[in-house]
Amino acid sequence: MKIAVVAAETLPFSKSGGLADYVYSLSNALSASGHEVDVMTPDYGASTASGGESYTVNGMTFGVTSQKTGGWSALKLSNSDLFGRKDMYGYDDDDRRFAYFAAAAAEIASARSYDIVHCNDWQSGFIPLLLKQKGDASHSVYTIHNLQFQGNSPPSIMGEIGINQSYFDIEGIEFYGKASAMKAGIVYSDRIVTVSPTYSREIQTGRYGFGMDGIIRKHSGRLTGILNGIDYKMWDPSADALLPSNYGMTAMDGKASCKSALQRTFSLPQVKRPLIVSIGRLWEQKGIDLLIDALDSIEGGFQFIILGTGDKELMNKIQERASTDINVRAVLRYDEQLAHRMYAGSDIFAMPSRFEPCGLSQMICMRYGSVPVVRKTGGLADTVMDFDPDTGEGNGFVFEDESAEQLAYALTRAVKTFQSVETWSGLVRNCMSSDHSWEASAKEYEMLYAEISRPKVS
Ligand code: ADP
């Protein structure tokens, strides 16, 4: 099949979170199965490419450069005004930037005649509608990675990017007086996917629906949950070049070296205490405030390192805590190498998300033998099973309520379990042998593509 994947970020070119890993891994897996895959993505920081292929939307020109990446091609869309900036996101005109990106991608998609156009999140949400409006023969899939961000613009955006005003309707893309890219993806795609089965159920409720639960319930006949995997080549402690030592399930010495190295880097004493880490975007979604509040109530000694960027207030709170607690360290930036070293050097990985569509970090930490402590939501609920010391079953510690007390209790259970060397080794083995590779997920996507491409029998 000829497949276009459209997304605001993809490795190896850009990454702010799990979406970039997802696009990269899915495209690798699909091309390895023999499909022809193009990934359309913005060329951040670049000026508009001239001389080659170009597309114009309402006077805004996008240059297109194609770059072979493994088995697939990246089609990088450049426009100096919209994407030639320092950061990927965080501008007042983000909704407009990506509405134009979506319109340019839709132009390219119809010019190139794909079988499947697979859009991801609100940045490409208008594409299924634009393709329908053109009468394009392709079939569209829309994956929701995070329902919180919806790309709701003033309705004037529709005229700018060529969407007929008749779609500005409660049954169409109107959402509280705005034109919603997220709603466009939900209403007009052939199939809607969320990145875990539990999240596909959660977003149909008021608690997790961000105002769209009714719309999603209405279109739930086209909705499925497909759990993401992680790239087992990129995330492999036995071959990871970013680590000071390598290790695997049958030769764990390297993990102890990684822990010592991490402790040295952060001037933490080399004591036999569990090293807890947290890596991720520092937003309310991730429950980082709960984690900082929980630290005082964890029983038993531990060390703690956090890596992330995000909300200024949260970053201040973390910085303040790190400057007054000799067991706490904070690195408030994006740092790929340090992330690898923290997954490898830690014993426990804290991920107390308020909601988590899938989450990759809990799967990565398990592969590196760091035991996840998670809230029971979304993809965390689908991948982490609470450890039972009596049976030795389970691969982490799970709590239910959004509360610092419950989180502290779960972390205390982890810290206490760490004290029994034999029990802990069994738990680490359970983590490292959990299978979260991409193959199974990619197969499900292929089945879905085949299903929607099949001619309808009347
Ligand atoms: P989300 O997509 O919501 O950000 P995921 O758990 O799905 O969360 O994916 C997060 C990915 O981004 C992981 O690969 C994680 O290691 C990485 N990551 C997040 N923040 C940082 C950071 N500050 N430095 C390095 N890697 C980070």
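Read on for an overview of the structure. Computed from a predicted model, the values in this text were never measured in an experiment.

### Focus: the overall build of the chain
A tally of helices and strands in the chain yields 17 helices and 18 strands. Here the C-alpha radius of gyration of the chain, 23 Å, is about what a compact globule of 458 residues would show, namely 23 Å. Taken over 458 residues, the chain has a buried fraction of 59%. Contacts in the chain between residues at least 24 apart in sequence constitute 70% of all its contacts with a sequence separation of at least 6. As displayed, the chain has an accessible area near 18300 Å², and 49% of this comes from carbon and sulfur atoms.

### What about the sheet that holds strand S17 (residues 371-375)?
The six strands lie next to each other as S15-S14-S13-S16-S17-S18, forming an open sheet whose pairing is parallel. Strands with a single pairing partner mark the edges of an open sheet, and in this sheet they are strand S15 (328-331) and strand S18 (397-399). Shown here is a sheet whose adjacent strand axes are inclined to one another by a mean of 20 degrees, direction ignored. Strand direction decides the pairing type here: strand S13 (residues 275-279) and strand S14 (residues 303-307), joined by five bridges, are parallel. The residue of S14 that forms the bridge with Ile 279 is Leu 307. Against the sheet, helix H11 (residues 312-324) contacts S14 and S15, and its axis sits at roughly 140 degrees relative to S15. Where helix H12 (residues 336-345) meets the sheet, it contacts S13, S14, S15 and strand S16 (348-351), and its direction lies at approximately 145 degrees from that of S13.

### What about unusual backbone geometry?
Of note, the bond from Leu 11 into Pro 12 is cis; its omega dihedral lies within 30 degrees of zero at 5 degrees. Structurally, the position occupied by Pro 12 is in the loop between strand S1 (2-6) and helix H1 (18-32). Of note, Asp 121 is a non-glycine position whose phi angle comes to about 60 degrees, a positive value. Backbone geometry places Tyr 176, a non-glycine residue, at a positive phi of 50 degrees. Mapped onto the elements of the fold, Tyr 176 is located in the loop between strand S9 (174-175) and strand S10 (178-180).

### Focus on the environment of Gln 419
Structurally, Gln 419 is set in the loop between helix H15 (404-418) and helix H16 (421-432). Along the backbone, Gln 419 and Asp 190 are 229 residues apart, and their C-alpha atoms lie at a distance of 52 Å.

### A short note on helix H3 (residues 94-112)
Its 19 residues place the ends of H3 27 Å apart at the C-alpha level, agreeing with the 27 Å of an ideal helix rising 1.5 Å per residue. Positive phi shows up at Ser 113, right after H3, with a value of about 50 degrees.

### With respect to the pairing of S16
Here S16 shows no split at all, with Ile 348 and Ala 350 on one side and Phe 349 and Met 351 on the other all buried. Note that S13 and S16 share two bridges and pair parallel. Following the sheet pairing, Val 277 is matched in S16 by Phe 349. Pairing analysis gives four bridges linking S16 to S17, with the strands arranged parallel. Counterpart to Met 351 in the pairing with S17 is Val 374. With helix H13 (residues 361-367) bridging S16 and the parallel S17, this β-α-β connection has right-handed handedness.

### Some points on the pairing of strand S4 (residues 60-69)
Pairing geometry for strand S3 (residues 53-57) and S4, over five bridges, is antiparallel. Across the sheet, Tyr 55 pairs through a bridge with Phe 62, a residue of S4. Hairpin connection of S3 to S4: two residues between the antiparallel strands, including Asn 58 at a positive phi of 50 degrees. Across seven bridges, S4 lies against strand S5 (residues 72-78) in antiparallel orientation. Directly across from Val 64, in S5, lies its bridge partner Leu 77.

### Here's the deal with the site of the ligand
Around the ligand sit 22 residues, and of these Gly 18, Arg 281, Lys 286, Tyr 343 and Leu 360 come closest. At a separation of 3.0 Å, a nitrogen atom of the ligand approaches a polar backbone atom of Arg 333. One of the backbone N or O atoms of Asp 335 is found 3.0 Å from a nitrogen atom in the ligand. Starting from 570 Å² of accessible surface for the ligand in isolation, the protein chains cover 94%. Put simply, the parts of the chain that give the shell around the ligand at least two residues each are H1, H12 and H13. A class-by-class count of the residues in the shell around the ligand yields nine nonpolar, six polar and seven charged.

### Re the nonpolar core
With 93 residues, the main nonpolar core has Ile 276, Tyr 343 and Leu 411 as its most contacted residues. Among the domains, domain 1 (2-229 + 439-453) and domain 2 (253-435) are the pair contributing at least three residues each to this core. Ignoring any residue separated from it by four or fewer positions in sequence, one finds Tyr 343 in contact with Trp 235, Lys 255, Ile 279, Phe 349, Ser 361, Ile 364, Cys 365, Tyr 368 and Ser 370.

### Quick word on H16
With 12 residues, H16 should cover 16 Å at 1.5 Å per step; its first-to-last C-alpha distance of 16 Å lies within 8% of that length. Looking only at H16, the buried set comprises Trp 424, Gly 426, Leu 427, Val 428, Cys 431 and Met 432. Against S16, H13, S17, S18 and H15 lie the buried residues of H16.

Rules used throughout
Residues numbered from 1 in each chain as written. Predicted model: local features only at pLDDT ≥ 70, side-chain atom pairs only at ≥ 80, totals over all residues. Heavy atoms only, no water. Helix = DSSP H or I, 4+ residues; strand = E, 2+ residues; numbered from the N terminus. Rg over C-alpha atoms; globule rule 2.2 N^0.38 Å. Buried < 20%, exposed > 50% of the residue type's maximum accessible area, 1.4 Å probe, protein only. Contact = heavy atoms within 4.5 Å. Areas by Shrake-Rupley, 256 points an atom, 1.4 Å probe, with all protein chains shown as cover. Pairing = 2+ DSSP bridges. Axes fitted to C-alpha atoms, helices over the stretch in contact; angles between N-to-C directions. Expected span 1.5 Å × (residues − 1). Right-handed = clockwise from strand over helix to strand, strands pointing away. Near = heavy atom within 4 Å. Polar contact = N/O pair within 3.5 Å; in protein donor to acceptor, adjacent residues only side chain to side chain. Nonpolar A, V, L, I, M, F, W, Y, C, P; charged D, E, K, R; others polar. Core = buried A, V, L, I, M, F, W, Y, C linked by side-chain atoms within 4.5 Å. Domains from an automatic or database assignment.

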